[in-house]
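Inside the fold
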Amino acid sequence: MMEMTAKSKKLLHAQVEALLRKVEHFNKTEIENLILMFNTLMAEQVSRGRPANGLKRGKFRGVLQGTFEMTNAVMMDGVFRSFDKDGDGVIILEEWIRGLSVLLRGTLEEKIKHSFRVYDLNNDKYISKDEIFHMLKHSFIKWPSEEDPDEGIKDVVEITMKKMDLDHDGLLSYEDFEKSVLDENLFLQAFGPCLPEDTTIEKFEEVVFKEPEQ
């Protein structure tokens, strides 16, 4: 790693202090390490001729695949959308830190909001039957012997909606989703894996958050 200049160190210190006031769950050293990781990813992106003011979708998906072992394309696009709060198509530093705070150490309430944002594919504040079908179709394993796997998925969609659509309007609102998850935590990832496994999180933290050797 290149030696940081005095100017770079000053900028890093200012970024850490600002983010400490805005983001929960991380201490000063952890935020500093996540900023350095972000800067490395940005440098790699620029070196390949793709400059931007934040991480682009492809680069971010590479992190989800390589670091957090996510492979479902629909879910990865949803996680990108969850991080990209302003919807400008790139993930800036603050969105990176905020998103990881939820992914790694978020409260149940924060994770419910994250999952709902991932599952709301068209960002209309509701999860429809069509969206659930689309997500489950990309999550289920297809067996060659199945004549029409779509019918089985449609059955699952209907059963799920009966359990979670509390106001019976044919759509899942955030309130429907939140109440369902609070009653049964398994519904948090009902339509696909949008959070990393605990073991994956532990590996990430061991590498990224390790204290520097004296």
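Residues numbered from 1 in each chain as written. Predicted model: local features only at pLDDT ≥ 70, side-chain atom pairs only at ≥ 80, totals over all residues. Heavy atoms only, no water.

This paragraph deals with the overall build of the protein chain. Check the secondary structure of the protein chain and you find ten helices and zero strands. Each of the three principal axes of the protein chain carries a C-alpha extent, and together these read 60 × 35 × 35 Å. Taking all 214 residues of the protein chain together, 40% fall into the buried category. Restricting to contacts in the protein chain with at least 6 residues of sequence separation, those with at least 24 account for 60%. Of the accessible surface of the protein chain, which amounts to about 12,500 Å², a share of 52% is contributed by carbon and sulfur atoms. (Helix = DSSP H or I, 4+ residues; strand = E, 2+ residues; numbered from the N terminus. Buried < 20%, exposed > 50% of the residue type's maximum accessible area, 1.4 Å probe, protein only. Contact = heavy atoms within 4.5 Å. Areas by Shrake-Rupley, 256 points an atom, 1.4 Å probe, with all protein chains shown as cover.)

As a further point, take helix 1 (residues 6-20). Helix length check: helix 1, at 15 residues, gives a terminal C-alpha distance of 21 Å against a target of 21 Å (1.5 Å per residue), a fit within 8%. Considered for burial, the residues of helix 1 that qualify are Leu-12, Val-16 and Leu-19. In a view along the axis of helix 1, the buried residues occupy a sector of 70 degrees, so they form one face of it. Exposed positions of helix 1 whose direction lies more than 90 degrees from the buried face are Ala-6, Lys-7, Lys-10 and Leu-11. Considering only its buried residues, helix 1 is in contact with helix 2 (28-47) and helix 5 (93-105). (Expected span 1.5 Å × (residues − 1). Arc of directions from axis to C-beta.)

Bringing the packing of helix 5 against helix 10 (residues 198-208) into the picture now. The N-to-C vectors of helix 5 and helix 10 enclose an angle of 125 degrees; their axes lie 10 Å apart at closest approach. The angle between the axes of helix 5 and helix 10 places the two elements in the oblique class. Contacts between helix 5 and helix 10 involve Leu-103, Leu-104 and Arg-105 on the former and, on the latter, Ile-201, Phe-204 and Glu-205. (Axes fitted to C-alpha atoms, helices over the stretch in contact; angles between N-to-C directions. Parallel < 35°, antiparallel > 145°, perpendicular 65-115°, else oblique.)

A complete count under the given rule lists 13 salt bridges for this structure. Note that Arg-61 is salt-bridged to Asp-77, the shortest N-O span being 3.3 Å. With a gap of 16 residues between them, Arg-61 in helix 3 (residues 57-66) and Asp-77 in helix 4 (residues 73-83) connect regions that are remote in the sequence. One salt bridge in this structure joins Arg-105 and Glu-205, with 3.0 Å as the shortest N-O distance. One end of the pair, Arg-105, is in helix 5; the other, Glu-205, is in helix 10, and 100 residues separate them in sequence. One salt-bridge network, held together by shared partners, links Lys-22, Glu-94 and Arg-98. (Salt bridge = Lys/Arg side-chain N within 4 Å of Asp/Glu carboxyl O.)

Segmenting the protein chain into domains produces domain 1 (9-107 + 196-208) and domain 2 (110-189). Look at where the C-alpha atoms of domain 1 and domain 2 centre, and you get two points 26 Å apart. Together, the buried faces of domain 1 and domain 2 total about 1,300 Å²; carbon and sulfur atoms form 53% of this surface. Taken together, the connections running from domain 1 to domain 2 amount to nine residue pairs in polar contact (both at pLDDT 80 or more). Only helix 4 and helix 5 provide two or more residues apiece to the side of domain 1 that touches domain 2. Looking at which element gives the most residues to the side of domain 1 that touches domain 2, the answer is helix 4, with six residues. (Domains from an automatic or database assignment. Buried area = accessible area lost by both parts, 1.4 Å probe. Polar contact = N/O pair within 3.5 Å; in protein donor to acceptor, adjacent residues only side chain to side chain.)

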